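Fold and geometry: a report
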Amino acid sequence: MSGQRDHFLAKSLESLQENIRRSGPAATASYTLVGAVLLLGGIGYLLDQWLMTSPWFLLGGLLLGMVVGFYEIAKAVWKR
Amino acid sequence: MMMPDEGSESVGFNPGEVIIEHVSNSSIDHPIFELPTVLGINFSVTKHVLMLWIVAVLLFVLITWSTRKYLKQDRPIPTGFMNGLEAVVQFIRDSIVLPNVGKKFVNTWTPLILTFFFFIVTANAFGLIPMFEVLGAVDRFILHTDHESIINRVLHGGATATGNYNVTAALALITFLAIIVAGTKAHGFIQHWKNVVPSGLAWPVYIILIPIELMGMLVKPFALTMRLAANMMGGHIAILAILSFVFIFSEMFQSVLAGVGVGLVVSLPLVVGVSALEIIIVLVQAYVFTLLTAVFIGMAINVHH
């Protein structure tokens, strides 16, 4: 009985490790998409505040953020 | 739902203000310990810095002590705390670092990633322990220290050091530098920067690609910074918002009983649930930070283009 349970636990742990290993690139891509939009949008917003050009830098930053984010996703998706 | 009271002249309970005061760092003008200013930087200890110190000292002492004790004993079987420590170390090395970084560099980067994991998980977990509140209660009912005592100065609610963007930004900066060092160690300095963009494309493509890749390089640590800090702060805000129902309802119905009733029926069960969720988040966020660091370092070492 205890041997069976050990086997089950070992298998669960193995499957968890495998899932973790494969989830790495996906987690990277998704966080990069959000991060890029936030960072570049934020920089655009600050530039707008500074230069009084609202909303152009914000829009440009958001667009650029989407480009960078989707580029990273594309890299993760078409790697293999 | 949880909007602060309309109009700043109101003197009632202001949940927004209370919550922000709890989750943000204490003011540098009223530090917990006064330290001198060196090179224009004020080194005085605020709430989050105190938490950082506590976590760092505790981890250093506990892990060094238990590892030394283990190395000194004659049989190579760990017991007690060291047993758990070894399981965590092995898990991180074998299932986070090794698959991402590769066999050649696994021993180079495991120490850094382990340090990240233990530091973040401990700092996250310490934010969940209401030690300052307990200290405050003891002070209020037993010690009766005066208003300017250290106990009353640290009392600004529980503090999660990793809920401060400056802390996570510093951690992410280390990751950023580690990525560059890893790439340089594996491929040489010039080749590392060449690896940033795919090779063998027509030259006009590079005009677009190089800025995008460079921005992507900066975005990765930024995403790490925001994710960890926002998650740690978010859980605390949720708990405090739910708890502030007690005071909102007391004020609304002009009766303590209404507040306590709502607290017992709604707030308490919800807060217990959110706190249970927080325990998972503490582990998951530390884990995600270490996993992403390992993935980024691995990407700099094993270049696929």
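Structure's up top.
In this report, the structure presented in the accompanying data block is examined. Computed from a predicted structure; not experimentally measured. All residue numbers here refer to positions counted from 1 along the written sequence of the relevant chain. Chain labels run from A onward and ligand labels from 1 onward, assigned in the order the entries are written. Per-residue local features are limited, in this predicted model, to residues with pLDDT of at least 70; the limit for side-chain atom pairs, both in listing and counting, is 80 or more; totals at the level of whole chains, interfaces and linings are taken over all residues. Only hydrogens and water are set aside; all other atoms, that is, all heavy atoms of the structure, feed into the side-chain values.

Residue Pro55 of chain A is bonded to the preceding Ser54 of chain A through a cis peptide linkage, with omega at 0 degrees. Strands here are runs of E lasting at least two residues and helices are runs of H or I lasting at least four, both read from the DSSP assignment and numbered beginning at the N terminus. The topology assignment puts Pro55 of chain A in the loop between helix H1 (2-51) and helix H2 (56-77). Located in the positive-phi region is Met52 of chain A, a residue other than glycine, with phi close to 60 degrees. Locating Met52 of chain A in the fold gives a position in the loop between H1 and H2. Partly exposed describes any residue whose relative accessible area lies between the buried limit of under 20% and the exposed limit of over 50%, with all areas from a 1.4 Å probe on protein chains only and scaled to the type maximum. By relative accessible area, Met52 of chain A is classed as exposed at 71%. You will see that Gln254 of chain B, though not glycine, has its phi angle at about 50 degrees, which is positive.

Looking now at the layout of surface pockets. For cavity detection a 1 Å grid was placed over the protein atoms alone, and a set of points counts as a cavity when a 1.4 Å probe fits there but cannot get out; an open set counts as a pocket when protein lies on both sides within 12 Å along at least five of seven lines, with lining residues being those that have an atom within 4 Å of a point. Grid points are joined across faces, edges and corners, and a volume is the space filled by probe spheres set on the points. Computed from the structure, the second largest pocket encloses a volume of approximately 500 Å³. In terms of lining residues, the second largest pocket is bounded by 27 residues, among which His22, Glu133, His236, Ile239 and Leu240 of chain B are the most central.

With that settled, consider the interface of chain A and chain B. Contact definition: two residues touch when any of their heavy atoms are within 4.5 Å. Chain A puts 22 residues into the contact, and the matching count from chain B is 23 residues. Around 2000 Å² of area is buried between chain A and chain B when both sides are counted, 79% of it from carbon and sulfur atoms. The salt bridge criterion pairs a side-chain nitrogen of Lys or Arg with a carboxyl oxygen of Asp or Glu, the two atoms within 4 Å. One can count 1 salt bridge joining chain A with chain B. The salt bridge involving Lys75 of chain A is made with Glu213 of chain B; its shortest N-O contact spans 3.1 Å. Here a polar contact is recorded for every N or O atom pair within 3.5 Å, except that within protein the pair must consist of a potential hydrogen donor and a potential acceptor, and residues adjacent in sequence are included only if both atoms are side-chain atoms. Between the two partners, chain A and chain B, sit 2 residue pairs in polar contact (both at pLDDT 80 or more). Throughout, buried area stands for the accessible area (probe radius 1.4 Å) lost by two parts on being put together, summed over both.

Functional significance is not addressed by these values, which are geometric in nature.
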